[in-house]
There are 4 protein chains.
Amino acid sequence: MTNSTQTSAKTKEIFARRESEARSYCRSFDTVFSKAKGSVLTDTDGKEYIDFLAGCSSLNYGHNDPDMQAALIEHIQGDGITHALDMFTDAKAKFLTAFEEIILKPRGMDHKVMMTGPTGANPVEAAIKLARKVTGRHTIISFTNGFHGMTMGALSLTGNAGKRGGAGAPLDGVARMPYEGAFGPDVDTLAQIEMLLSNPSSGIDAPAAFIVEPVQGEGGLNAASKEWMQGIARLARDHGALLIVDDIQAGCGRTGTFFSFEEFGIDPDLITQAKSFSGMGLPFAALLIKPQHDIWKPAEHNGTFRGNTHAFVTARVALEKFWKNDAFEKDVQAKGDRLAEGLERIAATIPGATTKGRGMFRGIDVGSGDLAAAICGTCFEEGLVIETSGAHDEVVKVLAPLNIPDALLDRGLDILADAVKRHAPTITTMAAE
Amino acid sequence: MTNSTQTSAKTKEIFARRESEARSYCRSFDTVFSKAKGSVLTDTDGKEYIDFLAGCSSLNYGHNDPDMQAALIEHIQGDGITHALDMFTDAKAKFLTAFEEIILKPRGMDHKVMMTGPTGANPVEAAIKLARKVTGRHTIISFTNGFHGMTMGALSLTGNAGKRGGAGAPLDGVARMPYEGAFGPDVDTLAQIEMLLSNPSSGIDAPAAFIVEPVQGEGGLNAASKEWMQGIARLARDHGALLIVDDIQAGCGRTGTFFSFEEFGIDPDLITQAKSFSGMGLPFAALLIKPQHDIWKPAEHNGTFRGNTHAFVTARVALEKFWKNDAFEKDVQAKGDRLAEGLERIAATIPGATTKGRGMFRGIDVGSGDLAAAICGTCFEEGLVIETSGAHDEVVKVLAPLNIPDALLDRGLDILADAVKRHAPTITTMAAE
Amino acid sequence: MTNSTQTSAKTKEIFARRESEARSYCRSFDTVFSKAKGSVLTDTDGKEYIDFLAGCSSLNYGHNDPDMQAALIEHIQGDGITHALDMFTDAKAKFLTAFEEIILKPRGMDHKVMMTGPTGANPVEAAIKLARKVTGRHTIISFTNGFHGMTMGALSLTGNAGKRGGAGAPLDGVARMPYEGAFGPDVDTLAQIEMLLSNPSSGIDAPAAFIVEPVQGEGGLNAASKEWMQGIARLARDHGALLIVDDIQAGCGRTGTFFSFEEFGIDPDLITQAKSFSGMGLPFAALLIKPQHDIWKPAEHNGTFRGNTHAFVTARVALEKFWKNDAFEKDVQAKGDRLAEGLERIAATIPGATTKGRGMFRGIDVGSGDLAAAICGTCFEEGLVIETSGAHDEVVKVLAPLNIPDALLDRGLDILADAVKRHAPTITTMAAE
Amino acid sequence: MTNSTQTSAKTKEIFARRESEARSYCRSFDTVFSKAKGSVLTDTDGKEYIDFLAGCSSLNYGHNDPDMQAALIEHIQGDGITHALDMFTDAKAKFLTAFEEIILKPRGMDHKVMMTGPTGANPVEAAIKLARKVTGRHTIISFTNGFHGMTMGALSLTGNAGKRGGAGAPLDGVARMPYEGAFGPDVDTLAQIEMLLSNPSSGIDAPAAFIVEPVQGEGGLNAASKEWMQGIARLARDHGALLIVDDIQAGCGRTGTFFSFEEFGIDPDLITQAKSFSGMGLPFAALLIKPQHDIWKPAEHNGTFRGNTHAFVTARVALEKFWKNDAFEKDVQAKGDRLAEGLERIAATIPGATTKGRGMFRGIDVGSGDLAAAICGTCFEEGLVIETSGAHDEVVKVLAPLNIPDALLDRGLDILADAVKRHAPTITTMAAE
């Protein structure tokens, strides 16, 4: 009945006794982890797990990258700054310089970087505040199945009913529009949004901004097309709204390029970054702002942990190690293709299943949350950490580190395939009764 | 004209070019810091500064405590987990166990710990969401001069007009009440609040919660009395509201005890923790919840960086090193007295000035923001990092590390005294014109 | 250049001097009216106008119906109550009895009648308050091009951007859905709404109510089909929401039956009534409430003018005179057909024009607001009061009294046809340049 | 047990069967009224009641004033317009001219008149919309115990918890401030409001407007002093907010002058009018707007019943009959003194009771809602219609017609005195147990 030996079991008592019921992932992965390296997690009983979750895309470069470890240890040993509010530090200067040289300049981007506080919700909150200030408008357009965070502003944008229910209060200021495909493949959602915004009696107030994820990670790995994203960018421009791309989960290489929208030929006004932005999984987030919109007054938005200097150190190493040339990018794209093939093979064995996503941001819609949960549960027993997403938790989602060795990727896919084999028919049969 | 040599100047170009105008502290402390140890910051030019800001109370144990450094380096070198979402880890178990043994049990507290995400705004947002869920009510009572964060929910509670102006949208759901002394020493604000809540036509809806800082750090070092805090606790209980103590800036020993309300004999329903909670300045925050209110559903409030495992390591060291017995507490209280005396001496030289605060959380109300800014500016030139607070930035605020050596504390106070000497008369004269 | 002689002109000075710029209809119909009878208005210069506006459907039985006049005069001469708050009066008892006997019972309706205050916005505000109380939910679903009033609650439901702009504040608590045909004839809006409500990550919170006009008067005479209205009723029931039919403009016989939804086989939870409810154009409105939802506490919603007793008198006469049998209903339906034919003939002369609406609630979409305004302007000069509606004011709307003599109806249509002849080609040519 | 004979009883069945539970006054005055003249109501059983309620101040000139009756009958018989939306009519021109000549000009007022729709909530809603538009700000300051109506905007301003509870939704956008005396006679509420508005960290956002009743009718007959009202006017001016005087219940002579603030030397930006504005109890309301604030676009705020032409007729007669010279004003003031003396005599017999209000807008705070209800119940049995007000319904409120004959006034006061005699000691004794 238990997934772990006595050591873990005893350790877990403290969580049952003292940690809030809000805890969640630990309920699916019911063991106590102690070490992690690359794409492998190890629990206190020594059992190893391949990591197909990667901190929900916060560990795109794997656990404890040795170069980041070395740089961080050197920084700590040298009494480098740990916490500096938003004061100038050399570590921050070096990070910003690397980000400018390696990321922004080569992509022709003139954005400024706002250190917003280190969680993903921080740049989302900053973005909607700024968009409202810049436009003098109130309504933010967000999309079905979108996920943007849990603070009141970010939560108002988030679609998930369970999360919204936690607010205990109305979540206003948002007009909800259909994401590409939300009404099926034949409905032109862009045309519908255009009709609503062009109809002065539609009741949709002129928006301050559109906030959109190019791939909806929590929402079920819905990947928008280039045409649709360009359409949204055009709608924003035509209707005087800012375009906010929330690239928190899809960015930092997850789709094969640093930003998930690079192939789309769009130039977002505001771009959120978090999760893998520090490279090593440390809390770090930022908002990229087109210079003309950087109308903040000093300290108008602030926060205690804007200067998480450890994260500046590892983030710089990540940029220098992985993004100075296109080798890593090409590797990720190749690995994404390998993942796609593997998932296609597995999906083919499940009646009605389809694969979703792009790059290393993919999964299988197995048709029901119960089936997906059963599959992931078996995977965990067999040494694979993997989770679901989607409105009904019906998508088995692969978020492996981008540099996972092919052998481990394949091994993980094998575990997944076996779990599918074990559950898919049974549950299908049950559903058919 | 410049505060720094050529090295700093060149380094700073990247900030001017690429960092958002929202940046703030760096405008007051216009140099580039590179190292920090204990109570001393060092910039890239080798100049040293005594730190009377301590990361706005995020560095209560000083910079780079050697025991925390050692434990963290050991953790990193051993490939300890860095980021684990909210999965169980041994580092988290050890932290929770230490927190239970060293902090909660000795104080007779049965609170559960919710890892809310690592910024101060996270537990504040979680607290108001939970209070609204628990009570089915909407209104949160917050106080004049209160500061609780910058995300939309936390910002609605925050009093500061500049911060609120950043929202670009109405901030609703809050009834504002006067903090102790807000209407002068002779007005019984408790009685007024009681009258409003007992009058069914007052227009103040039955509140979900009161959120209060026992000492208002940003609001000007207003320190509530035991009687007033007990009165607020009683009002909350009598009117079916939860009591949220926001102990983010005042907690972790800043006032001389671990929680700032320990001497008040109150038992808050919800307590926020952040800033110095990690011990080392790493992002880490939590909400303490009375068990009967822990009605969260799994994942109803979540967040990517709830499992900042580096912070669990250093936070545990901080508890074990400083709070296992009352030695540190006594030291802080003694140092607080020393600080109080020093500030009294200085305040006596400024016409109309008064000292404020308690413990190691003190300052001087110099009567005007211009004067306070001039004083702090001169201090910085002389090697002291010190900031203002208060509605008009009229309070020179001392937030030194709690373990600052007496000699450094005195040296800092001397610099402050000299700066006061230089500015106080001149500006007073100007004001009199 | 002026439409009126010296007498009117002088009279109008007081309006220019003292009436707020918010005034509107008087700008289109720039004369001073003094008398009205049946379907004819007369101005102070003795010029007569056929009334194709009928107080925006507030004068369905024409001006100054002689039986209502007689009953009202008798009431006044006999010192009958004029104003009675919501005290019991015999006039109110007689009205309610007539409403029960003549309207509710024959239609098998068990609704209770709430006197909400006499404007259309009053029952709309009462309805959304009640729906929120009954369901404990917040979101009201309203529709594109819907119009429900100008007070803050009603305005939040209203689609028109110009009206919404008057709020000076966000209008929240509403999810906007497409009315039938809003995305063109081929889009199944019911299916889309169903998808949004069934998707737990759509971001559309479970609704307290749907509020819908069976024919959208201000929105451009969009007439919903039986299937669509039944679909909305089903969606409301399936998702635990109340169905509010706003029958303020479409009710009281405008579509050929007393309620506009009688042929649809639906049983709305809440029905708003106003405009022609008093029969004579006096302010009077009510909310019809299914008994199980009548959970109001005494005075929980009140209002000074709930007891406009003059209106009770005339409203009773209207019911007794026009609705005791089906003669009037049949007349209206026949007249509606006559109107439809006339409008079809006219529309056929305008490139691209279409007719809209049903019963005596019809108009022509002439394709542009400029053309519609020009047509109505010429009509007014020629003695016909007629207005536009629609998101772009592109619909010439006929709202004649339901009992307008055929000769007058035809005469009015002739004036309209002539005006169309004069403007349609010219403007079409201009638009083609 | 019943207050009425068989006739009434049978008539009342229809109300029990078909009228919503929201009904209220009819519960206190449990008979069926049929006629009314001057200050006397008559029920269907022929029993007469002196009217000390006067439609909550909607019948300041008594019931069925013969001159208003005559003018209205003449208007109806002559086929005068009944309903004209906001088109120009001669009846409206005559009313506006009379209002300008008789009311505005002699008082040096340059306000424009906005016909907002006929209920009191309409000008209140229009006022806050306009204030927000004019200032670009969101917060409206309203006061403890204030009552401003039941539509969502007006209700947000209203203090009463029972009414607010009807909303079923948060009522935001309002900062609540203490009315004069709200914290007892010794607290300077003006100084406290000034402190809150001048403190940039108070959390009270810069207000769009103050809305205040010079006498709080529903709130318990709290009458503000000249000094306090001037203080509020000054605070509004100093802080860039509009001053809205809600004179709906206190206006039209109730306090002895046409506007209740005439002796205060203030010049409100916006003034609401309703209740007795039509003279005869017909629905009619307006917003008076300083010309510089009349920035409405045409139809930006509209409403079906803005042109209740019957009300224009009677309103004009009321102005011409009662306000052309100061005779009526002087009579009202004298009658107010008579009332005051009578109430003082009665109050002296009740332990702890005090009189409140001014002019003909007065009452007795008897100390408990139970006692006040018992007194009013007995009064009704004895032929006097009189109601309570105040947060705890603890004030017996006299709202007699302003022209009530002295004999009737005295007779009513005698009934009141007898009822007090019957109840006061008993209930006091009970309370003392």
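- You'll find chain A entered in an unreviewed UniProt entry as Diaminobutyrate--2-oxoglutarate transaminase, with Brevirhabdus pacifica given as the organism.
- Regarding chain A, the relevant UniProt record gives this comment under Cofactor (unreviewed entry): "pyridoxal 5'-phosphate".
- Its UniProt record gives chain A the following Sequence similarities (unreviewed entry) comment, quoted word for word: "Belongs to the class-III pyridoxal-phosphate-dependent aminotransferase family."

**Some remarks on the interface of chain C and chain A**
Consideration 1: Facing 27 residues of chain C, the contacting portion of chain A comprises 27 residues.
Consideration 2: Of the roughly 2300 Å² buried at the junction of chain C and chain A (both faces included), carbon and sulfur atoms supply 54%.
Consideration 3: The largest per-residue losses of area from chain C upon contact with chain A belong to F183, P200 and S201 of chain C, which jointly make up 24% of the total buried on that side.
Consideration 4: Across the chain C-chain A interface, the total number found is two salt bridges.
Consideration 5: A salt bridge links R164 of chain C to D205 of chain A, with the nearest nitrogen and oxygen atoms 2.7 Å apart.
Consideration 6: Viewed at the interface, chain A and chain C are joined by 15 residue pairs in polar contact (both at pLDDT 80 or more).
Consideration 7: Among the elements of the structure, α8 (161-165) and α9 (189-198) of chain C are those that each provide at least two residues to the side of chain C that touches chain A.
Consideration 8: Split into classes, the residues belonging to the side of chain C that touches chain A amount to 10 nonpolar, 13 polar and four charged.

**Considering the environment of H75 of chain D**
Residues and elements named next belong to chain D.
Consideration 1: Within the element layout of this structure, H75 appears in helix α4 (residues 66-77).
Consideration 2: C-alpha of H75 to C-alpha of T309: the two residues are 234 residues apart in sequence and 9.4 Å apart in space.
Consideration 3: Not counting the four nearest positions on each side in its chain, H75 is found in contact with G80, I81, A91, T309, H310 and V313.

**Quick notes on the environment of G219 of chain A**
Residues and elements named next belong to chain A.
Consideration 1: Along the chain, G219 turns up in the loop between β8 (215-216) and β9 (222-223).
Consideration 2: Take G219: its relative accessible area is 4%, and that puts it in the buried class.
Consideration 3: Once the C-alpha coordinates of G219 and S389 are considered, the two residues, 170 residues apart in sequence, prove to be 6.3 Å apart.

**Focus on the pattern of salt bridges**
Consideration 1: A complete count under the given rule lists 100 salt bridges over all chains for this structure.
Consideration 2: One salt-bridge network, in which partners are shared between bridges, spans E21, R23 and R27 of chain A together with K112 and D294 of chain B.

**Focus on the sheet that holds strand β6 (residues 174-177) of chain A**
Residue and element names in this part refer to chain A.
Consideration 1: Read across the sheet, seven strands follow the order β4-β12-β11-β10-β7-β5-β6 without closing on themselves; strand pairing throughout is mixed. Two strands close off the open sheet at either side, each with one partner strand: β4 (112-115) and β6. Direction aside, neighbouring strands of the sheet carry axes that sit 25 degrees apart on average.
Consideration 2: Here strand β7 (residues 209-212) pairs with strand β10 (residues 242-246) via four bridges, running parallel. Each residue of the ladder has a partner; that of A209, found in β10, is L242.

Quick notes on the rules
Residues numbered from 1 in each chain as written. Chains lettered and ligands numbered in written order. Predicted model: local features only at pLDDT ≥ 70, side-chain atom pairs only at ≥ 80, totals over all residues. Heavy atoms only, no water. UniProt positions renumbered as here; feature names shortened; annotations may be inferred. Contact = heavy atoms within 4.5 Å. Buried area = accessible area lost by both parts, 1.4 Å probe. Salt bridge = Lys/Arg side-chain N within 4 Å of Asp/Glu carboxyl O. Polar contact = N/O pair within 3.5 Å; in protein donor to acceptor, adjacent residues only side chain to side chain. Helix = DSSP H or I, 4+ residues; strand = E, 2+ residues; numbered from the N terminus. Nonpolar A, V, L, I, M, F, W, Y, C, P; charged D, E, K, R; others polar. Buried < 20%, exposed > 50% of the residue type's maximum accessible area, 1.4 Å probe, protein only. Pairing = 2+ DSSP bridges. Axes fitted to C-alpha atoms, helices over the stretch in contact; angles between N-to-C directions.

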